[in-house]
Amino acid sequence: MKTGSNSSAAPGPRVLRMLEKVLLVLAAVSILAICAIIFSGVVTRAVFNWSMPDAEILVRDLMITSIILPLAYVAAERAHIAVDVFVNMMPKAVRPWSDLLGSTIGLLVLLPIAYGGWKGFHTAWSDENYYYGEFDLPEWPGKLAFALGYAVFLLRLLSLVIIDIKAVFQRGVSGPAS
């Protein structure tokens, strides 16, 4: 593995990077499962005039998985939606401060969302909630994916805040005007 500023690996602990990659693969598998469920639903309806039971519930939970699980990976790559044109016009001395501001605000905004996700999972698990449908599917797997995805995202943002603080202080504490 390369080290230094030329490294193509995401910053932060190796365990976090591996966990992010596993969640990314699970998100990709979720997308493939969504495609398979929708395809089989269309075929069974067209050919056999029969619809797959609880397909909407399965797709809804898999959509949560496919969207939430890769968030930490995207943040690690700093590939999230940003105002790149504006940031690229800034002087290089300001960019670490911009990164720090973005990761800190993201972390603060994410805290209540992650807490709500955990509470939602805990409630679904402890109350043994089920979706109304033919299979009586439990609610907790989708809520767990949400909570797990946001927990790893929270860890990634915390890691980025620490990395960004180090980057700012390596340049000096005189501020963006330097």
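Since this is a predicted model, take the numbers as computed values, not measurements.

1. A few points about the overall build of the chain
- A tally of regular secondary structure across the chain gives six helices and zero strands.
- For the chain, the N- to C-terminal ordering of α and β elements is α-α-α-α-α-α.
- For the chain, buried positions account for 31% of its 178 residues.
- Contacts in the chain between residues far apart in sequence, at least 24 positions, make up 76% of those at least 6 positions apart.
- Accessible surface, the chain: about 11,500 Å² in total, of which carbon and sulfur atoms supply 69%.

2. Considerations on the pattern of salt bridges
- Counted by the stated rule, this structure contains two salt bridges.
- One salt bridge connects Arg156 with Glu20, and the closest N-O pair in it is separated by 2.6 Å. Within this pair, whereas Arg156 is found in helix 6 (residues 140-171), its partner Glu20 is found in helix 1 (residues 14-48), the two being separated by 136 residues in sequence.
- Relative accessible area serves as the criterion here: at 0%, Arg156 is assigned to the buried category.
- Note that Asp164 is salt-bridged to Arg78, the shortest N-O span being 2.5 Å.

3. Observations concerning the side chain of Ser30
- Mapped onto the fold, Ser30 is located in helix 1.
- If sequence neighbours within four positions are ignored, Ser30 has contacts with Leu62, Thr65 and Ser66.

4. Notes on the packing of aromatic side chains
- In the structure shown here, the tally under the stated rule is five aromatic pairs.
- Relative to Trp140, the ring of Trp125 has its centre 5.0 Å away and its plane inclined at 80°; by these criteria the two rings are edge-to-face. Linking Trp125 in helix 5 (residues 95-126) with Trp140 in helix 6, this pair joins segments that are 15 residues apart in sequence.
- The class of Trp140 is partly exposed, set by a relative accessible area of 31%.

5. Overview of helix 5
- A rise of 1.5 Å per residue sets the reference length of helix 5, with its 32 residues, at 46 Å; its end C-alpha atoms lie 45 Å apart and thus fit the reference within 8%.
- A bend of about 30° at Leu110 is the largest found in helix 5, and the proline Pro112 appears one to four places after it.
- Of the residues making up helix 5, those classed as buried are Pro96, Leu100, Ser103, Leu107, Leu110, Ala114, Gly117, Phe121 and Ala124.

6. Looking at unusual backbone geometry
- Within the chain, Asp54 stands out as a residue other than glycine whose phi angle is a positive 60°.
- Residue placement: Asp54 occurs in the loop between helix 1 and helix 2 (55-68).
- Asp54 gets classed as buried once you look at its relative accessible area, which sits at 9%.
- The phi angle at Glu128 is positive, at roughly 50°, despite the residue not being glycine.
- Locating Glu128 in the fold gives a position in the loop between helix 5 and helix 6.

7. Describing the environment of Thr65
- Structurally, Thr65 is set in helix 2.
- Here the alpha-carbon distance between Thr65 and Phe146, two residues 81 residues apart in the chain, equals 6.7 Å.
- When sequence neighbours within four positions are dropped, the list of residues in contact with Thr65 reads Leu26, Ala27, Ser30, Pro70 and Ala145.

8. Topic: the nonpolar core
- Judged by nonpolar contacts, the single largest core of 18 residues is most densely connected at Leu110, Tyr150, Val152, Phe153 and Leu157.
- Breaking this core down by element, the ones donating at least two residues are helix 1, helix 3 (71-76), helix 5 and helix 6.
- With seven residues, helix 6 is the largest single contributor of residues to this core.
- When neighbours within four sequence positions are excluded, Tyr150 is seen to be in contact with Ile68, Leu71, Leu110, Ile113 and Ala114.
- Counting residues in hydrophobic clusters, the runner-up holds five residues, among them Ile37, Ala55, Val59 and Leu62.

Conventions used here
Residues numbered from 1 in each chain as written. Predicted model: local features only at pLDDT ≥ 70, side-chain atom pairs only at ≥ 80, totals over all residues. Heavy atoms only, no water. Helix = DSSP H or I, 4+ residues; strand = E, 2+ residues; numbered from the N terminus. Buried < 20%, exposed > 50% of the residue type's maximum accessible area, 1.4 Å probe, protein only. Contact = heavy atoms within 4.5 Å. Areas by Shrake-Rupley, 256 points an atom, 1.4 Å probe, with all protein chains shown as cover. Salt bridge = Lys/Arg side-chain N within 4 Å of Asp/Glu carboxyl O. Phe/Tyr/Trp six-rings, centres within 6.5 Å; stacked < 30°, edge-to-face > 60°. Expected span 1.5 Å × (residues − 1). Bend = angle between axes of the 7 residues up to and from the residue. Core = buried A, V, L, I, M, F, W, Y, C linked by side-chain atoms within 4.5 Å.

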